[in-house]
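As a plain string of letters, each chain reads:
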Amino acid sequence: MWRLRRAAVACEVCQSLVKHSCGMKGSLPLQKLHLVSRSIYHLHHPTLKLQRPQLRTSFQQFSSLTNLPLRKLKLSPIKYGYQPHRNFWPARLAARLLKLRYLILGSAVGGGYTAKKTFDQWKDMIPDLSDYKWIVPDIVWEIDEYIDLEKIRKALPNSEDLAQLAPDFDKIVESLSLLKDYFTTGSPGETAFRATDPGSESDKRYRKVSDKEKIDQLQEELLHTQLKYQRILERLEKENKELRKLVLQKDDKGIHHRKLKKSLIDMYSEVLDVLSDYDASYNTQDHLPRVVVVGDQSAGKTSVLEMIAQARIFPRGSGEMMTRSPVKVTLSEGPHHVALFKDSSREFDLTKEEDLAALRHEIELRMRKNVKEGCTVSPETISLNVKGPGLQRMVLVDLPGVINTVTSGMAPDTKETIFSISRAYMQNPNAIILCIQDGSVDAERSIVTDLVSQMDPHGRRTIFVLTKVDLAEKNVASPSRIQQIIEGKLFPMKALGYFAVVTGKGNSSESIEAIRDYEEEFFQNSKLLKTSMLKAHQVTTRNLSLAVSDCFWKMVRESVEQQADSFKATRFNLETEWKNNYPRLRELDRNELFEKAKNEILDEVISLSQVTPKHWEEILQQSLWERVSTHVIENIYLPAAQTMNSGTFNTTVDIKLKQWTDKQLPNKAVEVAWETLQEEFSRFMTEPKGKEHDDIFDKLKEAVKEESIKRHKWNDFAEDSLRVIQHNALEDRSISDKQQWDAAIYFMEEALQARLKDTENAIENMIGPDWKKRWLYWKNRTQEQCVHNETKNELEKMLKCNEEHPAYLASDEITTVRKNLESRGVEVDPSLIKDTWHQVYRRHFLKTALNHCNLCRRGFYYYQRHFVDSELECNDVVLFWRIQRMLAITANTLRQQLTNTEVRRLEKNVKEVLEDFAEDSEKKVKLLTGKRVQLAEDLKKVREIQEKLDAFIEALHQEK
């Protein structure tokens with residue numbers, strides 16, 4: 001009650017103040033009213049809003065910048081018109097203060113208890129996150145090890161410097177007041193009436209705008225909004241790219257050991273590589289997705305692929321076919337933008353122009369190497385991995401461009417070969433076909449669209465890309481034609497998605513960044529977007545790569561498990577077949593068999609060095625004599641033996657031996673040594689090794705032997721050294737002992753008996769079978785043989801009359817023989833008489849020489865006396881001793897060359913051949929053949945594919 005009375009008194013005081021101030025100008029300030037009256041009066045006071053406390057004062061009082069100098073508040077002194085004086089106000093003030101103390105104390109205690117209870121309840125609701133600490137990267141907990149926080153704190157400016165940078169809030173308040181006055185000119189309700197007045201000028205101007213302009217304005221605003229969000233997305237992607245790059249660099253340094261997403265695409269690429277080796281036709285086994293890039297020649301396939309890979313990695317040419325074989329590009333994330341081939345460890349830095357040029361040159365060399373002679377394109381695939389921050393993970397295959405006409409310089413079957421390669425890749429039911437169409441040419445001239453329509457008639461895995469849209473918009477008279485192409489209405493081809501891209505201004509030196517900027521600038525100003533012919537998500541290569549990557553991984557997840565199940569069944573069938581056909585043999589594939597054969601061949605080559613010197617010299621001496629015996633007998637011995645005395649015999653022998661040594665003998669000796677080495681090498685390579693012998697290696701060993709022999713060449717200095725040694729050996733005539741004399745006679749007898757046997761065989765073939773063979777084997781002589789027999793009998797009668805007859809018949813002797821035969825009714829020709837005489841006299845001479853050998857057996861004593869006072873002359877024995885000694889010395893020299901040099905060189909050649917064969921897969925397939933090899937090869941590949949597929953599926957599930 002006393003409070004109500006006090007409030008009434010206060011109101012009366014306020015009313016008196018109001019009445020007392022009626023004669024003053026303006027209205028009484030609200031601050032002069034009583035506290036209770038102010039709360040009642042504020043509903044009707046006209047200037048209440050203008051009397052609110054200023055923002056500057058409150059900011060200065062509650063600012064966190066406590067070190068800034070605060071401006072002093074300028075408060076005008078309050079003057080009260082009426083101030084009642086009471087004597088009990090100190091007591092009342094003390095009571096209020098005591099009451100305020102209890103209120104503050106109670107509130108503090110109660111509020112603290114309530115806050116503590118609320119905090120405990122909230123704390124109990126929070127789950128225990130200690131088990132999820134692994135979610136936060138390790139770098140967050142170790143950030144103080146890499147960032148010096150104390151150094152950063154010291155580098156920050158102090159409070160005084162920040163105070164200078166703080167804005168002047170007084171000026172800001174004044175500016176806002178001026179701006180408010182500008183918009184609120186006139187009475188306070190004037191602006192509101194202007195906004196709602198149907199007759200205002202702005203409303204009339206707005207109604208004059210046509211509907212078409214409204215639509216254009218809305219479309220333009222929508223386009224600007226899309227571009228705005230596109231730029232925001234690009235900025236976020238750029239920041240994400242930088243963050244990923246930092247994280248990947250930390251992983252490379254060993255800070256983190258987590259499996260990143262890039263390993264997933266690498267595993268998938270390895271699976272595809274193994275599958276391509278297992279089933280190159282893509283018909284039955286390989287159904288895993290790939291992004292197959294097809295298009296007409298010069299349609300921009302390579303440019304689109306380079307934009308997706310963010311580097312100019314392919315060879316370029318103006319109108320010339322540059323893609324001559326399929327190129328499989330595996331895109332993955334990585335800290336550095338690099339490229340490397342599957343079979344090479346060299347990394348090409350794609351940020352350096354030198355490495356880019358080297359990469360393009362290497363790709364061109366590999367393409368030309370794959371193309372066989374007489375062909376233009378090749379189906380062999382080149383595998384390339386491209387890593388970099390921000391790259392979309394997928395596998396793309398760039399195929400040769402489809403052509404319509406075979407031009408000069410191309411193989412006649414180039415067009416059909418390109419079609420067959422494209423069909424082989426596109427007929428995979430899970431392959432994503434990236435169909436590239438040149439937008440700057442007429443769609444009717446395109447060939448690839450018909451091919452794609454045949455392989456994917458429903459368009460469930462085809463993505464259509466229209467390139468060179470900038471040229472198309474400039475050259476095409478009707479822009480709606482581009483829309484018809486994009487939507488697939490101009491030709492009967494369906495697609496999963498349609499995209500339009502720009503591949504640059506046609507300058508091959510343009511960078512990827514320049515092309516991307518040009519592409520974005522073009523689509524910002526293009527009428528295709530402004531007129532809604534194209535949508536924002538259908539343009540730019542960036543959107544294309546995102547869409548292709550999403551489609552690629554969707555098809556991978558849908559097909560990889562089914563593919564793994566099919567290979568499990570294939571593996572079971574192959575293992576069962578092996579157990580039934582080869583139960584006791586190991587499952588050795590072609591490479592393992594080659595390694596086993598390689599070890600056997602090297603062991604056999606090493607065994608050549610274990611051949612004894614005696615064996616080498618024996619076979620070398622025998623082989624050399626077989627090679628030169630005919631020349632020694634026919635061209636040296638027989639001509640010299642037909643002379644009349646020993647002096648002429650020795651002179652003739654010395655001359656012929658010197659000529660033979662200078663021209664033919666060293667070369668013949670080297671040939672004999674090389675052939676002997678080949679024979680021994682072949683014997684070791686081909687002789688069976690008993691039960692351990694595996695005939696599956698025979699073709700490989702034969703090929704290694706032939707190639708090694710083909711590469712081996714004897715030392716060029718061998719002939720020169722042999723010539724000197726052989727010449728010195730043949731110059732020596734001194735037989736030291738009786739044993740050497742007997743050995744020479746034995747050697748001479750063997751040589752003459754072999755020639756006599758050959759001569760008798762020749763005479764028998766000439767005259768036909770004798771009477772024994774005719775009676776026992778029912779054989780008859782021919783008419784020619786009868787003539788030769790009669791001639792032989794007539795010539796033998798002449799030799800019996802003159803056993804020392806010379807080697808040649810005189811003309812009168814030929815006439816006499818002829819007349820004698822004619823008298824018996826046998827017609828002969830003079831040439832037939834000469835041929836028969838040669839064989840008859842040769843047999844007579846050899847028999848005489850053999851009889852002379854028997855006489856010379858006891859002639860060593862006369863030889864030591866130089867045949868003085870003796871009718872016996874054995875110069876022919878000395879000749880054969882010289883020949884025999886030359887053969888022994890030559891064999892010894894060749895044996896030294898073989899064991900010291902040539903065997904090692906041959907072993908080196910064999911190793912080189914084996915290394916070359918190991919790198920040539922086609923050679924191994926050709927030499928190691930058979931059902932057993934193929935079955936083991938298929939079984940190994942299927943196991944490898946299944947293991948890689950299982951590992952990839954597990955990683956794929958972990959990524960989910």
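Reading guide: rules and limits
- Residues numbered from 1 in each chain as written.
- Predicted model: local features only at pLDDT ≥ 70, side-chain atom pairs only at ≥ 80, totals over all residues.
- Heavy atoms only, no water.
- Salt bridge = Lys/Arg side-chain N within 4 Å of Asp/Glu carboxyl O.
- Helix = DSSP H or I, 4+ residues; strand = E, 2+ residues; numbered from the N terminus.
- Buried < 20%, exposed > 50% of the residue type's maximum accessible area, 1.4 Å probe, protein only.
- pLDDT = per-residue confidence, 0-100.
- Contact = heavy atoms within 4.5 Å.
- Pairing = 2+ DSSP bridges.
- Axes fitted to C-alpha atoms, helices over the stretch in contact; angles between N-to-C directions.
- Phe/Tyr/Trp six-rings, centres within 6.5 Å; stacked < 30°, edge-to-face > 60°.
- Left-handed = near helix turned anticlockwise from the far one by under 90°.
- Nonpolar A, V, L, I, M, F, W, Y, C, P; charged D, E, K, R; others polar.

A. Region of the structure containing the pattern of salt bridges. Taken as a whole, this structure holds 39 salt bridges when the rule is applied. With a closest N to O distance of 3.2 Å, Lys-701 and Glu-604 form a salt bridge. Taken together, the residues span a long stretch of sequence, with Lys-701 in helix α27 (residues 698–711) and Glu-604 in helix α23 (residues 590–606) at a distance of 97 residues. Taken individually, Lys-701 and Glu-604 each receive the classification buried, so the pair is uniform in this respect. One salt bridge in this structure joins Glu-902 and Arg-905, with 3.1 Å as the shortest N-O distance. One end of the pair, Glu-902, and the other, Arg-905, are both in helix α35 (residues 875–919), 3 residues apart, so they sit about a helical turn from each other.

B. Local environment of the confidence of the model for the protein. Across the protein, the average pLDDT comes to 76, with 70% of residues at or above 70. Of the regions scoring below 50 in pLDDT, residues 1–86 engages in 40 contacts with residues more than four places distant in sequence or in other chains. Counting interchain partners and residues more than four positions distant, the pLDDT-below-50 stretch residues 253–262 has 20 contacts.

C. Highlighting the sheet that holds strand β5 (residues 382–387). Spatially, β4-β3-β5-β2-β6-β1-β7-β8-β9 is the arrangement adopted by the 9 strands of the open sheet, whose pairing is mixed. With partners counted over all chains shown, the strands left at the sheet margins are β4 (348–349) and β9 (497–500), one partner each. Alignment of strand β1 (residues 291–295) against strand β7 (residues 432–438), held across 5 bridges, turns out to be parallel. Looking at β7, one finds that Gly-295 is bridged to Ile-436. Along the sheet, helix α15 (residues 353–370) makes contact with β2 (327–332), β3 (338–341), β4 and β5, crossing β5 at roughly 160°.

D. Focus on the side chain of Ser-559. Relative to the assigned elements, Ser-559 resides in helix α22 (residues 541–581). For Ser-559, a relative accessible area of 4% puts it in the buried group. In this view, Ser-559 contacts His-287, Leu-288, Pro-289 and Asn-430; residues no more than four positions away in its chain are not counted.

E. Just the packing of aromatic side chains, in detail. This structure, assessed with the given rule, holds 18 aromatic pairs. Ring centres of Tyr-268 and Phe-952 lie 5.2 Å apart, and the angle between their planes is 40°; on these two criteria the pair is classed as tilted. Residue Tyr-268 is found in helix α13 (residues 262–278), and its partner Phe-952 is found in helix α37 (residues 931–959); the two are separated by 684 residues along the sequence. Accessibility classification places Tyr-268 together with Phe-952 in one group, the buried group. Ring centres of Tyr-637 and Phe-880 lie 5.3 Å apart, and the angle between their planes is 65°; this geometry places the pair in the edge-to-face category. One end of the pair, Tyr-637, is in helix α24 (residues 613–641); the other, Phe-880, is in helix α35, and 243 residues separate them in sequence.

F. Molecular detail of the packing of helix α16 (residues 414–426) against helix α17 (residues 448–455). It is at 10 Å that the axes of α16 and α17 come closest, and there the two elements cross at 40°. Where α16 crosses over α17, the two elements pack in a sense that is right-handed. For the pair α16 and α17, contact is made by Phe-419, Ser-422, Arg-423 and Met-426 and by Leu-451, Val-452, Gln-454 and Met-455, respectively. Of the residues in the contact of α16 with α17, the class split is 5 nonpolar, 2 polar and 1 charged.

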